[in-house]
Amino acid sequence: MMARTPLMAGNWKMNLNHLEANQLVQKLAWTLKDMKHDYADVEVVVCPPFTDLRTVQTVVDADKLEIGYGAQDMSAHDGGAYTGEISASMLTALGCTYVVLGHSERREYHDESDELVNAKTVKAIAAGLTPIVCVGEGLDIRKAGDQVAYTLAQVEGALKDIKAENVENLVIAYEPVWAIGTGEVATPADAQEVCGAIREKIAELYDQETADAVRILYGGSVKSDNIADIMAEKDVDGALVGGAALKADEFAKIVRFKG
Ligand SMILES: O=C[C@H](O)COP(=O)(O)O
């Protein structure tokens, strides 16, 4: 089995304008360089608002930074009369390699269904983007003990009609909604329970090789002081980080979770 490269992705949500984005990416790059260890063994990605992407591209290209970037959402349409939407090809034209899809905030505030997340995932893959597909249960479902079944149904919905060769490159982020921005972190065992079940589900839908290749992230109140324990779980391959990704020092420490 090939080792999976850990991935630390910062989801900035609706924070930081393009000037602030410039500063944060530069500071992140300096901070990572100043750290004792090389960070080549961990992939670092930032997902700023759409309006920052061109700026991030310029900084990354100018300084040849080893920082990937992507959007927080995209349209399921290729182009045309869809006011306010951004297409996959617009993102690739800006050098994006990733796109977050189906974040719980999109599902909750914009009524995104599994079908829509699936349609976006198909388009992202076709454009050559790596989707970070978000799944995870709310508090009521967790209290009822149904987190695994609920989350696996979301995974199955997002992957409908997607072929194994396209699944092995994608990233799934397990984000229990009750742990997002609340300071309430799932225990490492909670994260492993669902991330492990997601990998088993992918093996069942496709095959073991595909399941072993997919990277599964945990997201929800990840900080520098809890990341190491979460990363120690065998099916957790990285983190989708919200609030803590807005501070260069803190995000850099998360990237350097091995110390
Ligand atoms: O996409 C990131 C998640 O929603 C986690 O956000 P948080 O780290 O602020 O809890």
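The model shown is predicted, which means the values in this text are computed figures rather than measured ones.

Participant: Teacher, can you tell me more about the overall build of the protein here?
Facilitator: Along the backbone of the protein there are 12 helices and eight strands. For a compact globule of 259 residues, the expected C-alpha radius of gyration is about 18 Å, and the protein comes in at 17 Å, within 12% of that figure. Along the first, second and third principal axes, the C-alpha atoms of the protein reach 50 × 45 × 35 Å. Expressed as a percentage of its 259 residues, the buried residues of the protein come to 44%.

Participant: I keep staring at the UniProt feature "active site" (unreviewed entry) in the protein and nothing clicks. Help me out?
Facilitator: The residues that UniProt annotates with the feature "active site" (unreviewed entry) are H103 and E175. Separation in sequence by 73 residues is not matched in space for these annotated residues, since their most distant C-alpha atoms are only 8.5 Å apart. In this structure, H103 sits in the loop between β4 (98-101) and α4 (104-109). Non-local contacts of H103, meaning those with residues more than four positions away in its chain, are made with Q72 and C134.

Participant: Honestly, the packing of helix α5 (residues 114-127) against helix α7 (residues 147-158) in this entry has me stumped. Any pointers?
Facilitator: Angle between the axes and distance between the axes: these two values describe a pair of packed helices. Between α5 and α7, the least distance of the axes is 7 Å, while the angle of their chain directions is 45°. Judged by the inter-axis angle, α5 sits oblique to α7. Counted together, D114, E115, V117, N118 and T121 of α5 and Q154, G157 and A158 of α7 form the full contact between these two elements.

Participant: Explanation requested: the nonpolar core in the structure shown.
Facilitator: Inside soluble globular proteins, nonpolar side chains tend to come together where they are buried. Formed by 75 residues in total, the largest nonpolar core has its most connected members in I172 and Y174. By residue number, the principal contributor to this core is helix α1 (residues 18-34), which donates six residues. Residue contacts for Y174: discarding those within four places in its chain leaves V135, G136, T151, A191, V194, C195, I198, I216, L217 and Y218.

Participant: For this particular structure, what's the right way to read the pairing of strand β7 (residues 215-219)?
Facilitator: Counting buried positions along β7 gives five out of five residues, so the element sits mostly inside the fold. Alternating positions in β7 separate into two faces, R215, L217 and G219 on one and I216 and Y218 on the other, with burial throughout. Alignment of strand β6 (residues 171-174) against β7, held across four bridges, turns out to be parallel. Looking at β7, one finds that Y174 is bridged to Y218. Of the pairings in the sheet, the one linking β7 to strand β8 (residues 238-241) comprises three bridges and is parallel in character. Of the residues in β8, the one forming a bridge with Y218 is A239.

Participant: Would you explain helix α12 (residues 248-255) in this entry?
Facilitator: Note on helix geometry: an α-helix contains 3.6 residues per turn, so any two residues three or four positions apart are oriented the same way. Listing the buried residues of α12 in full gives F251, A252, I254 and V255. The arc that holds the buried residues of α12, viewed along the axis, is 155°, so those residues lie on one side. Packed against the buried residues of α12 are β1 (7-11), α1, β2 (43-47), α11 (227-231) and β8.

The rules behind the values
- Residues numbered from 1 in each chain as written.
- Predicted model: local features only at pLDDT ≥ 70, side-chain atom pairs only at ≥ 80, totals over all residues.
- Helix = DSSP H or I, 4+ residues; strand = E, 2+ residues; numbered from the N terminus.
- Rg over C-alpha atoms; globule rule 2.2 N^0.38 Å.
- Buried ≥ 20, exposed ≤ 12 C-beta atoms within 10 Å, placed from the backbone.
- UniProt positions renumbered as here; feature names shortened; annotations may be inferred.
- Contact = placed C-beta atoms within 7 Å.
- Axes fitted to C-alpha atoms, helices over the stretch in contact; angles between N-to-C directions.
- Parallel < 35°, antiparallel > 145°, perpendicular 65-115°, else oblique.
- Core = buried A, V, L, I, M, F, W, Y, C linked by C-beta atoms within 7 Å.
- Pairing = 2+ DSSP bridges.
- Arc of directions from axis to C-beta.

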